[in-house]
Amino acid sequence: MKYGEMAQKWKEDHSSACESEPKQTLKSTMPVVKNVPDAVEPQVTAMPWPNNQAVLGNIVYIIEVFSLGEMPPACGQRFLPCEIACVKYCLQDGILGEFHCFPDPGEIPCGFRYHCQAGSEASHKIPVSGFELADDNYHKIFKNLCEFVGISSGSFVPVYCKKEDWYRVNWCLNWLARKAGRICRLLVCELEDLVVKVYKYRLKEEPSVTLVRSMLEVFQWDYTRNTRCKWHEENDIVDCALAVCKKYTYCVSEALAPIYGFPLTPAHIPEWGEKCGTIINPKVVVMDAGRFMKSKSLNTVEDKGFSSAGLNAEASAAGGEQSLFPSGVIPGVLSAVRGRGITRRIPF
């Protein structure tokens, strides 16, 4: 009984101590956590465009980064940046400056050398090793890039690339910042969204993103002088990061010149581009999908492989009803153009 009473007393003393002391220690040791908002990726504020002149004078930076290859997600290094280019541009004055360099991509992960070699040969053809222009001074490269885009202390500067290249460009810029021991304050944004906003500001209607994307995918300036970097120009290689940035500005200038009424100069597009380029009609660009498809269905499309007589004959045979086949496909009528190989055996 004596030991039982002692045990009961010890339990009471211990329980009272646990009820009083831990609360005080928790209050003194645990910091008071207030409502802290979740970390949000920096966003670009709405561009102050009070008038058309502000749109014309607004300076943007278009960037592109090439890699030797894309590694699988299991690898720590997803890309091997080998070329970086950035162009300073505005609608009023065209291209105002350019930045270009060949950063050293570093050591290729084990087992991926052939993968990188094949990717390089199929595109930019930058050597995977022994490249004399490769620069491993990452601090200098990143410092020069930040100075080019005008980054001030604590501010984020938007740079633009195509949506399909966003992940690669964003990853490579952060990789370069880590190599340089700096914080990346380059906010990568989608170029298509910027073009849509500029269209919408002037015409009060939003164009199709698909049409804007197709506007940027042109090949007419691939071999234009002063478009590629010196190394790609001397080796007659089409795929160049600097050329990609410049061709985007050429396309934007050519498409928006008739809308905003600014003259095209050699700083906007190459001298011969005004004759060879295709200016998009803004009345067709800024149409919603329903009206655009309706207007397109009313137009007669005549392909090289099919004659207009055949189309008229098919329409009359159908009794004036709308055909269920795509434009240019005539069921039951042979094409006037002879094909080769298996195309000659395909029944119509």
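Residues numbered from 1 in each chain as written. Predicted model: local features only at pLDDT ≥ 70, side-chain atom pairs only at ≥ 80, totals over all residues. Heavy atoms only, no water.

Asker: How should the overall build of the protein chain be read in this particular structure?
Answerer: Scanning the protein chain for helices and strands turns up 13 helices and 5 strands. Here the protein chain holds 348 residues, and the buried ones make up 35% of them. For the protein chain, the proportion of contacts with a sequence separation of at least 24, taken over those separated by at least 6, is 67%. Just so you have it, the protein chain exposes about 21800 Å², and 55% of that area is on carbon and sulfur atoms. (Helix = DSSP H or I, 4+ residues; strand = E, 2+ residues; numbered from the N terminus. Buried < 20%, exposed > 50% of the residue type's maximum accessible area, 1.4 Å probe, protein only. Contact = heavy atoms within 4.5 Å. Areas by Shrake-Rupley, 256 points an atom, 1.4 Å probe, with all protein chains shown as cover.)

Asker: What is the right way to read the packing of aromatic side chains from this model?
Answerer: A full pass over the atoms with the stated rule returns 9 aromatic pairs. With a centroid separation of 6.1 Å and 35 degrees between ring planes, the pair formed by Phe99 and Phe148 is classed as tilted. Taken together, the residues span a long stretch of sequence, with Phe99 in strand 3 (residues 94–101) and Phe148 in helix 4 (residues 138–149) at a distance of 49 residues. By the burial criterion, Phe99 is buried, and Phe148 matches it. Three or more aromatic residues joined by ring pairs make a cluster, and in this case those are Tyr61, Phe99 and Phe148. One cation-aromatic arrangement involves Arg178 over Trp171; the distance from NZ or CZ to the ring centre is 5.8 Å. The ring of Phe156 carries Arg185 above its face, with NZ or CZ at 5.4 Å from the centroid. (Phe/Tyr/Trp six-rings, centres within 6.5 Å; stacked < 30°, edge-to-face > 60°. Lys NZ or Arg CZ within 6 Å of the ring centre and 35° of its normal.)

Asker: Looking at this structure, how should I read the packing of helix 6 (residues 191–203) against helix 9 (residues 241–260)?
Answerer: In helix packing, the relevant descriptors are the interaxial angle and the interaxial distance, both defined with respect to the helix axes. Two numbers describe how helix 6 lies on helix 9: the axes approach to 11 Å, and their chain directions differ by 10 degrees. If you check the angle between helix 6 and helix 9, you find them roughly parallel. Residues Leu191, Val195, Val198, Tyr199, Tyr201, Arg202 and Leu203 of helix 6 pack against Tyr248, Val252, Ala255, Leu256, Ile259 and Tyr260 of helix 9. Of the residues that constitute the contact of helix 6 with helix 9, the class distribution is 12 nonpolar, no polar and 1 charged. (Axes fitted to C-alpha atoms, helices over the stretch in contact; angles between N-to-C directions. Parallel < 35°, antiparallel > 145°, perpendicular 65-115°, else oblique. Nonpolar A, V, L, I, M, F, W, Y, C, P; charged D, E, K, R; others polar.)

Asker: Would you explain the layout of surface pockets in this entry?
Answerer: A probe matching the size of a water molecule, rolled over the atoms, marks out where space remains unfilled. Space inside the second largest pocket adds up to approximately 470 Å³. Along its surface, the second largest pocket is lined by 25 residues, and Glu64, Phe66, Asp165, Asp239 and Val244 are the ones closest to its centre. Every element with two or more residues in the lining of the second largest pocket is listed here: strand 1 (60–70) and helix 9. A per-element tally of the lining of the second largest pocket places strand 1 first, with 6 residues. (1 Å grid on protein atoms, 1.4 Å probe; cavity = no way out; pocket = protein on both sides within 12 Å on 5 of 7 lines; lining within 4 Å. Points joined across faces, edges and corners; volume = space filled by probe spheres on them.)

Asker: Please explain the nonpolar core as it appears in this structure.
Answerer: Soluble globular proteins tend to pack their nonpolar side chains together in the buried interior. Leu91, Leu191, Val198, Leu256 and Tyr260 are the most contacted members of the largest nonpolar core, which totals 54 residues. Those elements that provide at least two residues to this core are helix 2 (52–57), strand 1, strand 2 (79–90), strand 5 (186–190), helix 6, helix 7 (209–216) and helix 9. A per-element tally of this core places helix 9 first, with 14 residues. When residues no more than four places from it in sequence are discounted, the contact partners of Leu91 are Val55, Leu56, Val198, Val252, Leu256, Phe262 and His268. (Core = buried A, V, L, I, M, F, W, Y, C linked by side-chain atoms within 4.5 Å.)

Asker: Got a minute to help me understand helix 5 (residues 166–180) in this structure?
Answerer: It helps to recall that an α-helix has 3.6 residues per turn; residues three or four apart then point in one direction. Over its 15 residues, helix 5 extends 21 Å from the first C-alpha to the last, a length consistent with the 21 Å expected when each residue adds 1.5 Å. Buried within helix 5 are the following residues: Arg168, Val169, Trp171, Cys172, Leu173, Trp175, Leu176, Ala177 and Ala180. Considering only its buried residues, helix 5 is in contact with strand 1, strand 2, helix 4, strand 4 (157–161) and strand 5. Just downstream of helix 5 lies Gly181, where phi reads positive at about 70 degrees. (Expected span 1.5 Å × (residues − 1).)

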